[in-house]
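Here is how the chains run, residue by residue.
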Amino acid sequence: MGRRGENIRRRKDGRWEARVVQGSPVNGRTNYKFLYGKTYQEAKSLKKAYYLALETGRVAYNAEYSIRSTDQLTGSSDNSHLTGNHNAIQLPGNPAALQPTGSPAAAQTPPAPAPSPLFRDATEGWLNSKKAVVKDSSFSYYTLMVRNHILPALGDLPLAEITPQRLSAFLMAQKAGGSVKTGRPMKDKTVADLKGIVKQILSWASLHDMIETAPPCPAVQVRQSPTAVFTRQEQSLLEAQLLKEDTPFCLGVWLTLYGGPRIGEVCALKWEDINFQNGTVQIKKTVSRIADVDGGAATGTKLIISSPKTECSMRSIPLPETILSYLNKRRKPGPRYVITGTSHFMEPRTCLARFKRLLKRAGVAEHTWHALRHTFATRCIESGVDVKSLSEIMGHSDVKVTMQRYVHPSMDAKKYQVNKLTCGMDFRNADRETDILRTWKSGQISGQNSQEISPVSGQKSGQSN
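Residues numbered from 1 in each chain as written. Predicted model: local features only at pLDDT ≥ 70, side-chain atom pairs only at ≥ 80, totals over all residues. Heavy atoms only, no water.

A. Highlighting the environment of Lys285. Inspection of the secondary structure assignment puts Lys285 in the loop between strand E5 (280–283) and strand E6 (286–291). Linking Lys285 and Val266, residues 19 residues apart in sequence, is a C-alpha distance of 8.9 Å. Here Lys285 is in contact with Gly264, Glu265, Ala268, Ile305, Ser306 and Pro308, once residues within four sequence places are set aside. (Helix = DSSP H or I, 4+ residues; strand = E, 2+ residues; numbered from the N terminus. Contact = heavy atoms within 4.5 Å.)

As C-alpha cells, this is what we get:
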C-alpha cells in the first residue's frame, strides 16, 4: 500500500520501494531511481539519505545508484540477489555505510549523528510561515502564547523528546497556574488554544522532516461557562437610560442590542455603512488593540482597523424599523463614526469603560458589552427567529456556535414551552374523576368484576342514566 505524496509503496514481494529523482530530465521525461527496504521506515530513511548525500556533495547527482537496503549498509548480504552497481549512500551515523566505489572517502570515519532539532527551531519556523497568511491580530496572539507559555516550558527540548505524556503534563501545569498576569488557573479556552498551537507546530515540524511523525496531543475539555444576559427588567432600565441621555455613544448600544455586532465592529462603524433604504447595516471593519510583537510601540500595544474576525463576519445586519427611524433622525453627514459623531473612532476598551458607567447610572448590574450581543440572540430565539437566519446575522460559520454560546432561554420562555404540554386539557372535573377512579380500583381489590363499574362514568355495566 502506497503512502500518498511520499512516492513510497509496498511491492508484491513484501519489500518497500521508494522512488527518487535522479539526474536531469531527458527528452522531457524525469529520471527516477528506486530504493528498497524491508520496512516502510527503512525505505523512507534511504530516500532521505539519498537527497542528503546530494545536498552535501558526497555523491554526484546523476551517478548510477542501486541502494539495496540498510542491511547492506550494516554489512549484511541478505540482498545479494539484487544486481547492479551497488554504490550505496552513506547514512548519517552508520559506520558501515558504503561510499561510491573507488571513492577516497570510503575509509573515512562517518560523521556523528546530527542532533535532534529543538522545539524552539520548529516554533520559529511555524511562526514565520503564519505571518503572511493570518491577520495581524491572530499573529500577535500566536506570538504572545509562544513567548509567554510555550517556549519557556518546551523551547529547549529536542523535538524527539516531545511525547504525549510530556504534552499532557505541560497543559495540566498551564491550566493549574499558567496565567501570566495573575498566576491563577488558566481558562479552559486558553488551554485549548495552547494545545492547538502546539499541535500545529508539531505538524509543521513533521511536514518539514524535523521529526518522523507528530505525537498526538491529549484532549482538552472546554467547559462552557454560563453567559450573562440582560433580564427583561434590566433591559427596560437600560433602554430608559439610553432614551434619557440620547448621545452618539448610546446609538452604539442601541445597534448592539437590536443588531448583535461585536464591540470592535461597532467602534469601526460609520454612518455611510448604514443603508437606510434597505434597512441594513454593513459590517466591513473592526477596531482592535493588539500586542506590538515587533516592539515599535512605546506602550507595547497598538490600535488597528482591519477586516472582521472571519469571512462570515463580513455581513449585512437587518435592523427593526423603529431603530432605523431613531438612527435616521440622528445621523451625521460625511465619513463620521456612529459611536463618536466625529471623524475619530473610539477604541474598544474606552467603549467598555463608558458602557459600565452607563449601566451604573441606569441602576443595572455590571455586564460586559458582549452581554448585549448575547441578549440580542436570546430575544431573537424567544421571538421565533430561525437559528439559521440568526447565525448569519451574528456572523457565525456554524449554527452550533449560535445555539451553544448565544442562545439562553429565560425561565419565562421555558415555562411557556412546558405549558404547551397541557394545552387543551380540562381539569375542572379533576376531583370527581379522581374519586370515580378510586372507587373503581377499590372494587377490583375487593373481588368485584372489573367490568361492573366503569372508571369513566362510575356506573355499572348496562346501567344507563
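From this point, the discussion proceeds with the structure in view.
B. Up close: the sheet that holds strand E3 (residues 32–37). Taken together, 3 strands build an open sheet; the order of strands is E1-E2-E3 and the sheet is antiparallel. Strand pairing shows two members of the sheet lacking a second neighbour, strand E1 (8–10) and E3, which therefore form its edges. When the angles between neighbouring strand axes are averaged without regard to direction, this sheet yields 25°. By the bridge criterion, 3 bridges tie E1 to strand E2 (residues 16–21) in an arrangement that is antiparallel. Its bridge partner lying in E2, Arg9 is registered against Glu17. (Pairing = 2+ DSSP bridges. Axes fitted to C-alpha atoms, helices over the stretch in contact; angles between N-to-C directions.)

C. Quick look at the pattern of salt bridges. Across all of its chains, the model carries 18 salt bridges by this definition. Two residues, Lys189 and Asp193, come together in a salt bridge whose shortest N-O distance is 3.0 Å. Residue Lys189 and its partner Asp193 are both found in helix H6 (residues 188–207); the two are separated by 4 residues, about one turn of the helix. Of the residues examined, Lys189 reaches a relative accessible area of 45% and is grouped as partly exposed. Note that Glu366 and Lys356 form a salt bridge whose closest N and O atoms lie 3.6 Å from each other. With a gap of 10 residues between them, Glu366 in the loop between helix H11 (348–362) and helix H12 (370–382) and Lys356 in helix H11 connect regions that are remote in the sequence. Here the salt bridges share partners, and the residues they tie into one network are Arg9, Arg11 and Glu17. (Salt bridge = Lys/Arg side-chain N within 4 Å of Asp/Glu carboxyl O. Buried < 20%, exposed > 50% of the residue type's maximum accessible area, 1.4 Å probe, protein only.)

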